[in-house]
Amino acid sequence: MIRVAVRVEGVVQGVGFRPFVYALATRLGLAGMVGNDAAGVFVEVEGPRPRVDAFLVALEREAPPLAGIERVSVVPGEPSGAAGFAIVDSDPSGDRRALVSPDTATCADCLRELADPADRRFGYPFINCTKCGPRFTIVRGVPYDRALTTMAGFAMCAACAAEYHDPLDRRFHAQPTCCPACGPRLRLLDAGGAELPGEPIDECAALLRGGAVVAIKGLGGYHLAVLAADEAAAALLRERKRREDKPFAVMAADLDGAALLCEVGEHAALLTAPSQPIVLLPRVPGAPVAAAVAPGNRQLGVMLPYTPLHHLLLGAVAEPIVLTSGNASDEPIAYRDCDVVARLAGIADAFLVHDRPIHMRTDDSVVRPWGGRATVMRRSRGYAPAPLALARPLTRPILACGAELKNTFCLARERRAFVSHHIGDLENYETLRSYTEGIEHFSRLFGIEPELVAHDLHPEYLSTKYALELAGVELTGVQHHHAHIASCLADNGEAGPVIGVAFDGLGYGTDGTLWGGEFLLADLAGFERAAHLEPVPMPGGDAAVRQPWRMAAAYLDAAFDGQPPERLEVAARQGRRWAQVLSLARAGLAAPLTSSAGRLFDAVSALVGLRDTITYEGQAAIELEQRADPTERGAYPAAIAGGRVSGADLVRAAAEDLLAGVSPEVISARFHNGVSDVIVRCCEELRGSYGRTAVALSGGVFQNTLLLARTVTRLRERGFRVLTHSRVPANDGGISLGQTVVAAARDVTSSGS
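Residues numbered from 1 in each chain as written. Predicted model: local features only at pLDDT ≥ 70, side-chain atom pairs only at ≥ 80, totals over all residues. Heavy atoms only, no water.

## A word on the overall build of the protein
What counts is decided by this rule: What counts as a helix is a DSSP run of H or I of at least four residues, what counts as a strand is a run of E of at least two, and both are numbered from the N terminus. For the radius of gyration, the atoms used are the C-alpha atoms, and the globule rule reads 2.2 Å times the number of residues raised to 0.38. Three labels apply to residues, based on accessible area from a 1.4 Å probe with only protein chains included: buried if under 20% of the type maximum, exposed if over 50%, partly exposed otherwise in between. Two residues qualify as a contact provided that any one of their heavy atoms is within 4.5 Å of a heavy atom in the partner residue. Note on areas: Shrake-Rupley, 1.4 Å probe, and residue coverage restricted to the protein chains presented here. For the charge count, each Lys or Arg is scored as positive and each Asp or Glu as negative, with His and the chain ends excluded. For this purpose, a charge sits on NZ of Lys, CZ of Arg, CG of Asp or CD of Glu.
The helix and strand tally for the protein stands at 23 helices and 30 strands. The C-alpha atoms of the protein give 27 Å as radius of gyration, which agrees with the globular expectation for 753 residues (27 Å, within 12%). Expressed as lengths along the three principal axes of its C-alpha atoms, the size of the protein is roughly 90 × 65 × 50 Å. Within the protein, the fraction of its 753 residues that count as buried is 61%. Taking the intrachain contacts of the protein between residues at least 6 apart in sequence as the baseline, contacts between residues at least 24 apart amount to 71%. Element-wise, carbon and sulfur atoms account for 52% of the exposed surface of the protein, whose accessible area totals about 27200 Å². Counting 74 positive and 87 negative side-chain charges, the protein places the averaged centre of each group 2 Å from the other.

## Here's the deal with the pairing of strand 20 (residues 452–456)
This is how it is decided: Paired strands are those between which DSSP finds at least two bridges.
For strand 20, a buried count of 5 out of 5 residues is recorded, marking the element as mostly surrounded by other parts of the structure. Judged by which residues are buried, strand 20 turns out to be covered on both faces: L452, A454 and D456 on one side and V453 and H455 on the other are all buried. Relative to strand 20, strand 17 (residues 398–400) runs parallel, the two sharing 3 bridges. Paired with I398 across the strands is L452, a residue of strand 20. Direction of pairing for strand 20 relative to strand 21 (residues 474–478): parallel, over a ladder of 5 bridges. Note on strand 21: the bridge partner recorded for L452 is E474.

## Side note on the sheet that holds strand 7 (residues 214–217)
Applied cut-off: Between the N-to-C directions of two axes lies an angle of 0 to 180 degrees, each axis being a line fitted to C-alpha atoms and, for a helix, fitted only over the stretch in contact.
Read across the open sheet, the 10 strands follow the order 6-13-7-8-12-9-11-10-14-15; overall the sheet is mixed. The open sheet has two free edges, formed respectively by strand 6 (186–190) and strand 15 (373–378), since each of these has just one partner strand. Going from strand to strand, the sheet's axes swing by 35 degrees on average, the running direction of each strand aside. Note: strand 9 (residues 249–251) against strand 11 (residues 299–303), 3 bridges, orientation parallel. From the neighbouring strand, V250 faces strand 11, where its bridge partner is V302. Where helix 5 (residues 200–209) meets the sheet, its contacts fall on strand 6, strand 7, strand 8 (222–227), strand 12 (321–325) and strand 13 (350–354), and the angle it forms with strand 6 comes to roughly 40 degrees.

## Thoughts on helix 19 (residues 619–627)
Taking burial as the measure, the 9 residues of helix 19 include 7 buried ones, the bulk of the element. Among all positions in helix 19, only Q619, A620, A621, E623, L624, E625 and Q626 are buried. Contacts from the buried residues of helix 19 go to strand 11, strand 14 (366–370), helix 15 (548–559), helix 18 (597–607), helix 21 (664–690) and helix 22 (705–717).

## As for helix 22
For the record, the criterion: One less than the residue count of a helix, multiplied by 1.5 Å, gives the span that helix is expected to have. Within 3.5 Å is the distance limit for a polar contact, defined as a pair of N or O atoms, with the added protein rule that one can donate a hydrogen and the other accept it, and that residues adjacent in sequence qualify only through two side-chain atoms.
Over its 13 residues, helix 22 runs 18 Å from end to end, which matches the ideal 18 Å to within 8%, given 1.5 Å per residue. Buried within helix 22 are the following residues: L706, L707, L708, R710, T711, V712, R714 and L715. Elements that come into contact with the buried residues of helix 22 comprise strand 14, helix 18, helix 19, helix 21, strand 29 (694–698) and strand 30 (721–723). Sitting at the amino-terminal end of helix 22 is N704, which places a side-chain oxygen 3.1 Å from the backbone nitrogen of L706.

## Description of the layout of surface pockets
Our working rule: Here a cavity means grid points, on a 1 Å grid over the protein atoms only, where a 1.4 Å probe fits yet cannot get out; a pocket means an open set of points with protein on both sides within 12 Å along at least five of seven lines; lining residues are those with an atom within 4 Å of a point. Grid points are joined across faces, edges and corners, and a volume is the space filled by probe spheres set on the points. The residue classification treats Ala, Val, Leu, Ile, Met, Phe, Trp, Tyr, Cys and Pro as nonpolar and Asp, Glu, Lys and Arg as charged. All others, Gly included, are polar.
If you add up the space inside the second largest pocket, you get close to 620 Å³. If you trace the second largest pocket, you find 24 residues lining it, with P282, Q299, P369, T705 and L706 closest to the centre. Breaking the lining of the second largest pocket down by element, the ones donating at least two residues are helix 8 (268–272), strand 10 (278–282), strand 14, strand 15, helix 19 and helix 22. Across the lining of the second largest pocket, the residue classes tally to 12 nonpolar, 6 polar and 6 charged.

## Some thoughts on the packing of helix 15 against helix 20 (residues 647–659)
The condition is simple: When describing relative orientation, an angle under 35 degrees is termed roughly parallel and one over 145 degrees roughly antiparallel, while 65 to 115 degrees is termed roughly perpendicular and anything else oblique.
Two elements in contact, helix 15 and helix 20, have axes whose closest approach is 8 Å; the angle formed by their N-to-C orientations is 95 degrees. In terms of orientation, helix 15 lies roughly perpendicular with respect to helix 20. Across the interface between the two elements, Y555, L556, A558 and A559 from helix 15 touch G647, A648, V651, R652 and A655 from helix 20. Looking at the contact of helix 15 with helix 20 residue by residue, the classes come out as 7 nonpolar, 1 polar and 1 charged.

## Some thoughts on the packing of aromatic side chains
As a reminder of what qualifies: When the centres of two rings from Phe, Tyr and Trp lie within 6.5 Å, Trp using its six-membered ring, the rings pair. Their planes under 30 degrees apart give stacked, over 60 give edge-to-face, and anything left gives tilted. To sit over a ring, a charge needs its Lys NZ or Arg CZ within 6 Å of the ring centre and within 35 degrees of the ring normal.
With the rule as written, the count across this model stands at 14 aromatic pairs. Aromatic side chains Y124 and F126 sit 5.5 Å apart centroid to centroid with 70 degrees between the ring planes, which places their arrangement in the edge-to-face category. Judged by its relative accessible area of 3%, F126 falls in the buried class. Note on F136 and F442: the rings are 5.7 Å apart at their centroids and 80 degrees apart in plane angle, and the pair reads as edge-to-face. In this pair, F136 sits in the loop between helix 3 (108–114) and helix 4 (158–164) while F442 sits in helix 11 (residues 429–446), placing the two residues 306 residues apart along the sequence. Comparing F136 with F442 shows no difference in burial state: the two are buried. An aromatic cluster is defined as three or more aromatic residues linked by ring pairs; in this entry it consists of F136, F409, F418, Y435, F442, F446 and Y466. The ring of W515 is capped by R529, whose NZ or CZ atom sits 4.0 Å from the centre of that ring. The cationic tip of R687 hangs over the ring face of F720; the distance from NZ or CZ to the ring centre is 3.9 Å.

## A word on the nonpolar core
The condition that has to hold: What makes a nonpolar core is a set of buried Ala, Val, Leu, Ile, Met, Phe, Trp, Tyr and Cys residues whose side-chain atoms join them at distances within 4.5 Å.
Membership of the largest hydrophobic core comes to 94 residues, with the highest contact counts inside it found for F17, V21, V43, F55, L208, L313 and I321. It is helix 1 (residues 17–27) that provides the largest number of residues to this core, a total of 6 residues. Setting aside anything within four residues of it in sequence, one finds L208 in contact with V214, A225, V226, L227, L313, V317 and I321. One finds W549, L607, Y636 and L707 within the second-largest nonpolar core, a separate group that totals 67 residues.

## Side note on the pairing of strand 13
Buried residues dominate strand 13, accounting for 5 of its 5 residues. Taking every second residue as pointing to the same face, both faces of strand 13 are buried, with A350, L352 and H354 on one and F351 and V353 on the other. Relative to strand 13, strand 6 runs antiparallel, the two being bridged by 5 bridges. Looking at strand 13, one finds that L186 is bridged to H354. Bridging between strand 7 and strand 13 involves 3 bridges; their strand directions are parallel. Note on strand 13: the bridge partner recorded for V214 is A350.

## So, the state of the cysteines
The term disulfide refers to a covalent linkage connecting the sulfur atoms of a pair of cysteines. Heads up, the condition is: The term disulfide is used for any two cysteine sulfur atoms that are within 2.5 Å.
Under the criterion given, the structure shown has 0 disulfides. As a non-bridged cysteine, C107 has C129 as the owner of its nearest cysteine sulfur, 3.6 Å distant. The thiol sulfur of C179 is not disulfide-bonded, and the nearest other cysteine sulfur, from C157, lies at 3.6 Å.

## Considerations on the side chain of D732
Rule in force here: The rule for a salt bridge is simple: a side-chain nitrogen of Lys or Arg has to be within 4 Å of a carboxyl oxygen of Asp or Glu.
By the secondary structure assignment, D732 is in the loop between strand 30 and helix 23 (735–751). Although D732 is buried, it makes no salt bridge; K406 carries the closest opposite charge, 7.3 Å away. A polar contact is formed between the side chain of D732 and the side chain of H480, at a distance of 3.2 Å. If we skip the residues at most four places from it in the chain, D732 touches A403, L405, K406, H480, H484 and D504.

## Looking at empty space enclosed by the protein
Within the structure shown, the criterion is met by 6 cavities of 30 Å³ or more. By volume, the largest cavity is sized at about 130 Å³. Contributing to the lining of the largest cavity are 18 residues, with P125, L219, T307, P308 and R356 lying nearest its centre. Broken down by element, the lining of the largest cavity gets its largest block of residues, 3 residues, from helix 9 (residues 308–317). Put simply, the second largest cavity is a space of about 110 Å³. Around the second largest cavity, the lining residues are R368, W370, T375, M377, L697, F702, Q703, T705, L708, T724, H725 and A730. For the lining of the second largest cavity, the secondary structure elements donating two or more residues are strand 14, strand 15 and helix 22. Taken together, the residues that form the lining of the second largest cavity break down as 6 nonpolar, 5 polar and 1 charged.

This is the structure we're talking about:
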């Protein structure tokens, strides 16, 4: 007879781990106990050695599907002769190390009950169990007990309490457990906030079928919905939301419904994963989706219902719906019931609401299949706050403040990096408040008091200003593109050194100019700028980001030695403004130099007539990728001299083709192929000079799957080992992870460890 004390760390609370342990120990005839505490799950088991050994093997091998075990430690003890196995009360004291599960899509067992007229939860929109339902968005603290969630205000009825306290029931200690008798209630409100009569889901479906815009409360905030096939309703939503072109996501009832919209095929597993993100897939020709949903886009962001409410609503509507974030343009998603009617006034015609509070707003995650796996483009609901494992333990706790656009922050200690949910663009007070509240919540939730704070070098980023105002911490600035490459390294569990290719919109360089087309010799601790795109002026500064034709003017001026062809339509479309902008660029007035790859893509997009102005970040480059002929293999040449890559060569070749009558589809493809070719040639030169054989690709430009696929293929053909992103975005959403590992590497170096 032996007795052991077992400590289990990881995502082991709120996922049915204690009842699993109870059932396992009971099956093996072992005595002891199991409970939650601030660090995870503690277990003591006593019995014959073979049975205890079998318990320890099964503990990891048979763990619940939503559990994420990081570490199991076992300490032998003295047998006590105790009989029976018990689940004991949680211990909230001690160091907070327990992990909180992400919100999880409704499981098959709950869906069966939802659809069963004989079940007491039939048609109840808040059905859940230990396998599914809200987690992160309702948690206020750890251990994960009902009193520390937003369900604390709902007293369980006798039937729910019996399930909750039965270790053999799948709702044992499922903290959001409820039913129609004791749980949240659904209501439908008119535009002024008054409750409407009738059954809320049926009435909401009727409004949608009638062309209305309805705000719907989800797991992490409100969405705005219209029928996906209703052109007038989709156009009305765009007008009211002030979102001119950026694609909307669409929710289909099931995989069959999604297959009518997109080429699902081998990607079905991405749609049905517990995280159930928005998945970007090629659109089916003739798909029943209004043109206003994703104008001019060959792809569609599609998702399946991930809450019981969504399942019931899609069943009542009986066709796909647009489901986009509930906000006006540039604002964070609305999530507070007290202000949602005011915030969405003039956008929504009605509100489908309920009274389960959301503690932490969380947008939908977005993934794209690439290379046989899911590449995360926005990491949020269903992923956060699950930590990313670090290759080396930190010497002290770190806060990384992230970038300005697509912001996330990261709190880290020891081997865990908690990258936040998607915050958004830090460009207004409401988003900044969401950012600061998120940092405070993560710090409390995971017991992390940062001693070292990493931030971007750009002095005007709100994230940088936030860092500089913190007291009692050590600050370290991390160059934007170094953070990109470090993020890619951390995403792959590596430390370098690598040739880092960081292509994005722009970031503040160490020389005070705006970088964005960088070849770095990098590891986690530092970098050397080995090569870059030849800088060109950005006429008008930020105006050149919003108006890509300005970049076309600057690049054409450089490409043709100050005498760009007069017959180009991009110049004719701007009239007298064209000459004015050329004068600005030549004089260097309000025209900072940039090596940005994103601005190079903008220039070509405007040149071929796709996009003179944009309404969302990256639009011009996205549309250029969409137009490329995938069968074209020609490539524009570009010179590399003295560590400078001539983007102007690519623009000159594109302009000459355009004047010769070559189609935008072929020009776009040849441009993409030319960019890929020059990346590979530059990496080969750097390998010859420095012996580096691994390449890390990062930055928002590498979310372009055409460029990414061709670049990776060519690099591998030439013997390079290529690192790309999967767990965090290649865009600025991954910057905070990169800042974290750079700060950690510097900390190790400075401490002499």
